[in-house]
Amino acid sequence: MPPEGRVTRFAPSPTGPLHLGHAYAAFVAAERAGAGRFLLRIEDIDQSRCRAHFEAQIYDDLRWLGLTWAEPVMRQSTRASAYRAALARLAALGVLYPCRCTRADIRAALSAPQENAPQYGPDGLVYPGTCRARSIAKAGPDDALRLNMRQALAHVGALSFTEAGPLHAPGQTIDPDWMIAQVGDVVLSRRDMGTSYHLSVVVDDAAQGITEVTRGDDLFEATFIHLLLQALLELQRPSYYHHRLIRDECGKRLAKRDDARAISQYRKEGATPQDIRLMLGL
Ligand code: GLU
């Protein structure tokens, strides 16, 4: 894809102030767009954690950093019908089932003597499959919806993607056995939200016509899940560019709670956007 046709996005969640790691992700996305289009998406499906003032601060900080994006901004809180439609398609393929297990239920099932040691993958604890035989037709309002990983993989066949970033080989193939063992039956619709991070990202990257997804390397393995969902939903497949993570002096990845590294804090202390770029090694 020539850079002039490239469409990239920055997709922050307004659950805290933007910090240096977000600034880096935004700069990378904008730079990779080059003469193409750089878009913004507010990932606010978790309304219990999102705040309007954080969203307002995101726009303000990005403008201050010198970034401009093509309108309109997509806000995931307005996209419920698109997520419902995607879930209906997956249900029709027979790869979803309802699940009522709490985290405590899952832990208890995994600690049963006949189980192997619990596996942690990119999506947390690998679900032991307690509800797998339940029919989607019997899903109730208190159910989450899970993807039957084995059936989903069988449905799509071999999966591969193009990595454009500097950290991984360009040709990536996805190992189905690894997906079953290490990822398992991921939740695609949380009972409190009617969607999940994985489903929303895939549906919205397609809706925004993203041709290259740029994001931190902590999401590299989540990309495998996204590839599978794109194949099931027959969506256009972007290429991926995973970038390095910005860490503190102790080598720890920056998180939202690291308010000391919030862009707004640096602004208050008189830093310039150029200072921020230098701190990020740009
Ligand atoms: N909303 C995610 C975050 O703030 C980014 C998701 C993505 O880039 O796919 O970490």
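The structure reproduced in this document is the subject of the present report. (Residues numbered from 1 in each chain as written. Predicted model: local features only at pLDDT ≥ 70, side-chain atom pairs only at ≥ 80, totals over all residues. Heavy atoms only, no water.)

1. Regarding the pattern of salt bridges
Tallied over the full model, the rule gives 17 salt bridges. Residue R277 pairs with E31 through a salt bridge whose shortest N-O separation is 2.9 Å. In this pair, R277 sits in helix α10 (residues 273–279) while E31 sits in helix α1 (residues 20–33), placing the two residues 246 residues apart along the sequence. Taken together, the shared-partner salt bridges in this structure form one network comprising R9, R41, E43 and D205. (Salt bridge = Lys/Arg side-chain N within 4 Å of Asp/Glu carboxyl O. Helix = DSSP H or I, 4+ residues; strand = E, 2+ residues; numbered from the N terminus.)

2. Here's the deal with helix α2 (residues 52–64)
Given 3.6 residues per helical turn, the α-helix brings residues three or four places apart onto the same face. Under the 1.5 Å per step criterion, the end-to-end length of α2 is 19 Å for 13 residues, consistent within 8% with the ideal 18 Å. When we look at burial in α2, the residues that qualify are F54, E55, I58, Y59, D61 and L62. Each element contacted by the buried residues of α2 is listed here: β1 (7–10), α1, β2 (37–42), β3 (70–75) and α9 (263–268). (Expected span 1.5 Å × (residues − 1). Buried < 20%, exposed > 50% of the residue type's maximum accessible area, 1.4 Å probe, protein only. Contact = heavy atoms within 4.5 Å.)

3. Some details on the site of the ligand
In the vicinity of the ligand, the residues found are R9, A11, P12, S13, E43, Y197, V201, R215 and L219. Between a nitrogen atom of the ligand and a main-chain N or O atom of A11, the distance comes to 2.7 Å. Within the side chain of R215, a nitrogen or oxygen atom sits 2.8 Å from an oxygen atom of the ligand. Considering the ligand on its own, with 300 Å² of exposed area, one finds that the protein chains cover 77% of that surface. Residues belonging to the shell around the ligand are distributed by class as follows: 5 nonpolar, 1 polar and 3 charged. (Near = heavy atom within 4 Å. Polar contact = N/O pair within 3.5 Å; in protein donor to acceptor, adjacent residues only side chain to side chain. Areas by Shrake-Rupley, 256 points an atom, 1.4 Å probe, with all protein chains shown as cover. Nonpolar A, V, L, I, M, F, W, Y, C, P; charged D, E, K, R; others polar.)

4. Focus: helix α8 (residues 222–232)
Counting buried positions over the 11 residues of α8 gives 10, a clear majority of the element. Within α8, the full set of buried residues consists of A222, T223, F224, I225, H226, L227, L228, L229, Q230 and L232. Immediately beyond the C-terminal end of α8, within one or two residues, lies E234, with a positive phi of roughly 55°.

5. Side note on the side chain of H242
Along the chain, H242 turns up in strand β12 (residues 239–243). Within the structure, H242 has its side chain in polar contact with the side chain of E163 (distance 2.7 Å). Reaching out from H242, the side chain makes a polar contact with the side chain of T223 at a distance of 2.9 Å. Excluding residues that lie within four positions of it along the chain, H242 makes contacts with E163, G165, P166, L167, H168, R215, G216, D217, L219, F220 and T223.

6. Some remarks on the packing of aromatic side chains
Scanning the model with the defined rule gives 7 aromatic pairs in all. Summarising the aromatic geometry, the rings of Y97 and Y127 are spaced 6.4 Å apart at their centres and angled 35° between planes, so their arrangement reads as tilted. Here Y97 is found in strand β4 (residues 96–99), whereas its partner Y127 is found in the loop between β6 (124–125) and β7 (144–147), with 30 residues between them in sequence. With respect to burial, Y97 and Y127 carry one shared label: buried. Pairing F161 with F224 gives two aromatic rings, centres 6.2 Å apart and planes at 55°, and the pair type is tilted. (Phe/Tyr/Trp six-rings, centres within 6.5 Å; stacked < 30°, edge-to-face > 60°.)

7. Looking at the sheet that holds β4
One open sheet holds the 3 strands; their spatial order is β4-β7-β10, and the pairing between them is antiparallel. Unpaired on one side and paired on the other, β4 and β10 (187–189) mark the two borders of the sheet. Neighbour-to-neighbour, the strand axes of this sheet turn through a mean angle of 45°, independent of strand direction. Where β4 meets β7, 4 bridges bridge the pair, whose relative direction is antiparallel. Bridge pairing in β7 places Y97 opposite R146. (Pairing = 2+ DSSP bridges. Axes fitted to C-alpha atoms, helices over the stretch in contact; angles between N-to-C directions.)

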